[in-house]
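# Notes for the structure review
These are the residues of each chain, in order.
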Amino acid sequence: MAEQLVVRVKPGSRRGPLVETGADGTLTVYVRERAVDGKANEAVVRVLAEHLGVPRSRVTLAAGATSRLKRFRIDS
């Protein structure tokens, strides 16, 4: 069974790597990598997997490869 998770990404941030949970439950992921050649997406997968306590192989980008608002699929 897979779970969908919507995440707001802040690439090139000095605060990263960091995951913040908003008051409404939304996740914001700050990463230091810039949004060039998919580097930020790779970093978000790594940080998100660590935050959720799952292997990186179970976190895949489902939608929003070029957007700051991304949808990830977490396989259980």
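Here goes a summary of the coordinates provided. For clarity, every value in this text was computed on a predicted model and none was experimentally measured. Counting restarts for each chain: residues are numbered from 1 in the order of the written sequence. A pLDDT threshold of at least 70 governs which residues receive local features in this predicted model, and a stricter bar of 80 or more applies before side-chain atom pairs are shown or counted, although totals over entire chains, interfaces and linings include all residues. Side-chain metrics in this entry use all non-hydrogen atoms of the structure; hydrogen atoms and water are not considered.

Let us look at the side chain of Asn-41. Helix and strand labels come from DSSP, where a helix needs a run of H or I of at least four residues and a strand needs a run of E of at least two; each type is numbered from the N terminus. The topology assignment puts Asn-41 in helix α1 (residues 39–52). Note on Asn-41: relative accessible area 17%, which makes it buried. Polar contact is defined as a pair of N or O atoms within 3.5 Å, subject to the rule that within protein one atom must be able to donate a hydrogen and the other to accept it, and that residues adjacent in sequence are counted only when both atoms are side-chain atoms. Here the side chain of Asn-41 touches Lys-70 through a polar contact of 2.9 Å, side chain to side chain. For every residue, the accessible area (1.4 Å probe, protein chains only) is compared with the maximum for its type, and the residue is labelled buried under 20%, exposed over 50%, or partly exposed between those bounds.

The subject of this paragraph is the pairing of strand β2 (residues 18–21). Pairing between strands requires that DSSP locate at least two bridges from one strand to the other. As defined by bridge partners, β2 adjoins strand β3 (residues 27–30) across four bridges and the pair is classed as antiparallel. Note that in β3 the partner of Thr-21 across the bridge is Leu-27. Where β2 folds back onto β3 in an antiparallel hairpin, the turn is made up of five residues, including Gly-25, whose phi is positive at roughly 95°.

The residue Arg-34 is located in the loop between β3 and α1 in this model. Taking the C-alpha atoms as reference points, Arg-34 and Pro-11, separated by 23 residues in sequence, lie 5.3 Å from one another. By definition in these notes, contact holds between two residues if any of their heavy atoms fall within 4.5 Å. Excluding residues that lie within four positions of it along the chain, Arg-34 makes contacts with Gly-12, Lys-39 and Ala-40.

This brings us to the pairing of β3. Residues Leu-27 and Val-29 line one face of β3 and the alternating positions Thr-28 and Tyr-30 line the opposite face, and both faces are buried. As judged from the four bridges shared by strand β1 (residues 2–10) and β3, these two strands associate in the parallel manner. Looking across to β3, one finds that Arg-8 is bridged to Thr-28.

Here α1 spans 20 Å end to end across 14 residues, near enough to the 20 Å set by a 1.5 Å rise per residue. Turning to α1, its buried residues are Ala-40, Asn-41, Ala-43, Val-44, Val-45, Val-47, Leu-48 and Ala-49. The positive-phi residue at the C-terminal boundary of α1 is Gly-53, with phi of around 75°. What a helix is expected to span follows from its residue count: subtract one and scale by 1.5 Å.

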